[in-house]
Amino acid sequence: MTPPARVLMGPGPSDVSPRVLEALSRPTVGHLDPYFLRLLDETQSMLREVFGTKNSLTLPISATGSAGMETCFVNLLEAGDRALICRHGVFGGRMAEVARRCGAEVAVVDAPWGRAIDPDDVARIANGGTFKVLALVHAETSTGVLQDLSPFRAIADSCGALLVVDAVTSLGGVAVDVDRMGIDAVYSGTQKCLSCPPGLSPVSFSERAQRVLENRKTPVQSWYFDLTLIGRYFGTERVYHHTAPVNMIYALHESLRLVLEEGLDARYRRHRDHARALWAGLERIGIALPVESSVRLPPLTLARIPTGADDHEVRARLLDEHGLEIGGGLGEFAGKAWRIGLMGASSTPRHIELCLGALEEALG
Ligand SMILES: *Cc1c(COP(=O)(O)O)cnc(C)c1O
């Protein structure tokens with residue numbers, strides 16, 4: 001097995017630092033070994049810092065980002081509950097689907113692809129209604145839109161809802177500020193701005209969300225993602241639920257150390273500055289950016305495929321000639337746009353230079 005050394009500038013996974021890869025290869029210990037439990041405590045405490053929360057229930061779910069999504073909905077929703085879901089791309093649509101499968105009655109607020117959700121549209125439906133959950137995606141990886149979360153706590157309060165946020169592509173690249181934004185349940189993934197391999201989904205539940213969980217009328221329908229059970233392993237009791245993926249937690253621990261060594265503000269600034277440089281460079285070589293600059297997402301840029309260029313051919317050339325991966329379009333943007341990631345270790349001037357040079361060459 002000799003995987004090629006790629007440069008990962010798609011929608012995730014992003015490049016993984018050698019320090020994180022090395023952490024993965026350290027000796028496996030037992031998931032109840034005192035050494036490992038100490039490491040878990042440190043991991044959870046670093047996660048709280050990066051999420052911007054004091055929530056006790058903050059832990060990595062043993063599966064990818066979608067499992068974090070599933071965890072939030074299966075724990076908070078019961079059959080017949082009402083959920084208000086914002087959809088401005090693939091991942092908002094996936095949230096609605098997961099909520100429906102929990103037996104919830106789902107109302108959806110849409111925004112056109114490539115635009116942010118208009119809080120007034122959400123407020124109109126929320127107002128006077130009762131919802132168990134109001135959910136939205138912070139960083140829509142399918143469209144490259146960054147959603148301003150600040151109006152949504154008040155809207156959730158107006159309809160008695162818990163505020164649930166998808167921070168898969170924002171955590172570690174854009175401030176999520178869970179406590180300041182009044183978010184009740186949030187989930188992320190390791191392979192985007194945390195620059196760790198895919199395989200874990202950090203989640204965090206507020207006190208209010210924990211109370212809703214404790215007062216459920218029915219048991220959580222998923223045994224594996226039941227936080228009342230998982231929380232007993234990640235809490236003080238250390239009761240076995242499933243075997244923690246020990247080496248992946250080494251990797252997450254190391255990637256969080258890298259985030260905090262750099263400093264959160266410096267890291268967010270780096271993502272912002274490099275994104276601006278990429279945007280300017282793309283426009284210079286005649287590639288249009290369909291998302292309005294005020295809501296553009298620094299870790300992931302949507303770039304319109306120029307007329308006459310063949311989507312698959314260009315991406316195949318980047319991969320073959322430069323070992324460079326960028327993403328194709330999803331949904332309404334399939335075949336019409338590329339998705340270029342500048343996430344975590346992949347957000348450097350060298351990545352930008354390589355990508356612009358390779359694109360210019362391929363298009364020429
Ligand atoms: C990648 C992504 C997910 C899904 O994560 P997986 O790790 O692929 O399961 C969910 N939401 C957003 C916004 C994402 O970018």
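The paragraphs below set out a description of the structure included in this document. The model shown is predicted, which means the values in this text are computed figures rather than measured ones.

### Remarks on helix α5 (residues 119–126)
(1) Moving on: Where α5 begins, the capping side chain belongs to aspartate 118, and its oxygen is found 2.9 Å from the backbone nitrogen of aspartate 120.
(2) Moving on: Phi for glycine 128, located one or two positions after α5, is positive at around 85 degrees.

### Some points on the packing of aromatic side chains
(1) Moving on: This structure, assessed with the given rule, holds four aromatic pairs.
(2) Moving on: Relative to tyrosine 250, the ring of phenylalanine 36 has its centre 6.4 Å away and its plane inclined at 65 degrees; by these criteria the two rings are edge-to-face. Highlighted residues: phenylalanine 36 in helix α2 (residues 34–51) and tyrosine 250 in helix α9 (residues 246–262), separated in sequence by 214 residues. Accessibility assignment for this pair places phenylalanine 36 and tyrosine 250 in one class, buried.
(3) Moving on: Note on tyrosine 233 and phenylalanine 234: the rings are 5.1 Å apart at their centroids and 80 degrees apart in plane angle, and the pair reads as edge-to-face.

### Quick notes on empty space enclosed by the protein
(1) Moving on: For the coordinates displayed, the defined rule picks out one cavity of 30 Å³ or more.
(2) Moving on: Roughly 30 Å³ of internal volume is contained in the largest cavity.
(3) Moving on: What lines the largest cavity is Pro60, Ile61, Ser62, Tyr224, Phe225, Ile230, Phe234 and His242.
(4) Moving on: The residue inventory of the lining of the largest cavity, partitioned by class, reads six nonpolar, two polar and no charged.

### Re the pattern of salt bridges
(1) Moving on: Evaluation of the coordinates by the stated rule reveals 22 salt bridges.
(2) Moving on: Taking the shortest distance from any N to any O, the salt bridge between arginine 19 and glutamate 254 comes out at 2.6 Å. Here arginine 19, found in helix α1 (residues 18–24), pairs with glutamate 254, found in helix α9; they are 235 residues apart in sequence, far enough to count as distant.
(3) Moving on: Judged by its relative accessible area of 9%, glutamate 254 falls in the buried class.
(4) Moving on: If you follow the salt bridges from partner to partner, you end up with Arg19, Glu254, Arg257 and Glu261 in one network.

### Here we look at the environment of alanine 139
(1) Moving on: Within the element layout of this structure, alanine 139 appears in strand β6 (residues 139–140).
(2) Moving on: With a relative accessible area of 2%, alanine 139 lands in the buried category.
(3) Moving on: In this structure the C-alpha to C-alpha distance between alanine 139 and leucine 300, which are 161 residues apart in sequence, comes to 8.6 Å.
(4) Moving on: Every residue in contact with alanine 139, bar those within four places of it in the chain, is listed here: Val145, Asp166, Thr169, Ser170 and Leu297.

Calculation criteria
- Residue numbers run consecutively from 1 along every chain, following the written order of its sequence.
- The model is predicted, so local features are restricted to residues of pLDDT at least 70 and side-chain atom pairs to those at 80 or more, both for listing and for counting; the totals for chains, interfaces and linings are taken over all residues.
- Excluding hydrogens and water, the side-chain values take into account all heavy atoms of the structure.
- Counting of polar contacts relies on pairs of N or O atoms within 3.5 Å, with two restrictions inside protein: one atom must be capable of donating a hydrogen and the other of accepting it, and residues adjacent in sequence are counted only when both atoms are side-chain atoms.
- Per the convention used, a helix needs a DSSP run of H or I reaching at least four residues, while a strand needs a run of E reaching at least two, with both numbered from the N terminus.
- Pairs were defined over the aromatic rings of Phe, Tyr and Trp, the Trp ring being its six-membered one, requiring ring centres within 6.5 Å. Orientation was assigned from the angle between planes: stacked under 30 degrees, edge-to-face over 60, tilted for the rest.
- Relative accessible area decides the class of each residue, using a 1.4 Å probe on protein chains only: under 20% of the type maximum gives buried, over 50% gives exposed, and in between gives partly exposed.
- Residues are called lining when one of their atoms sits within 4 Å of a cavity or pocket point, these points coming from a 1 Å grid over the protein atoms alone, where a cavity is a set in which a 1.4 Å probe fits but cannot get out and a pocket is an open set with protein on both sides within 12 Å along at least five of seven lines.
- Grid points are joined across faces, edges and corners, and a volume is the space filled by probe spheres set on the points.
- Under the convention adopted here, Pro, Cys and the residues Ala, Val, Leu, Ile, Met, Phe, Trp and Tyr are nonpolar, Asp, Glu, Lys and Arg are charged, and Gly plus all remaining residues are polar.
- Salt bridges are defined by distance alone: a side-chain nitrogen of Lys or Arg within 4 Å of a carboxyl oxygen of Asp or Glu.
- What makes two residues a contact is simply this: any of their non-hydrogen atoms within 4.5 Å.

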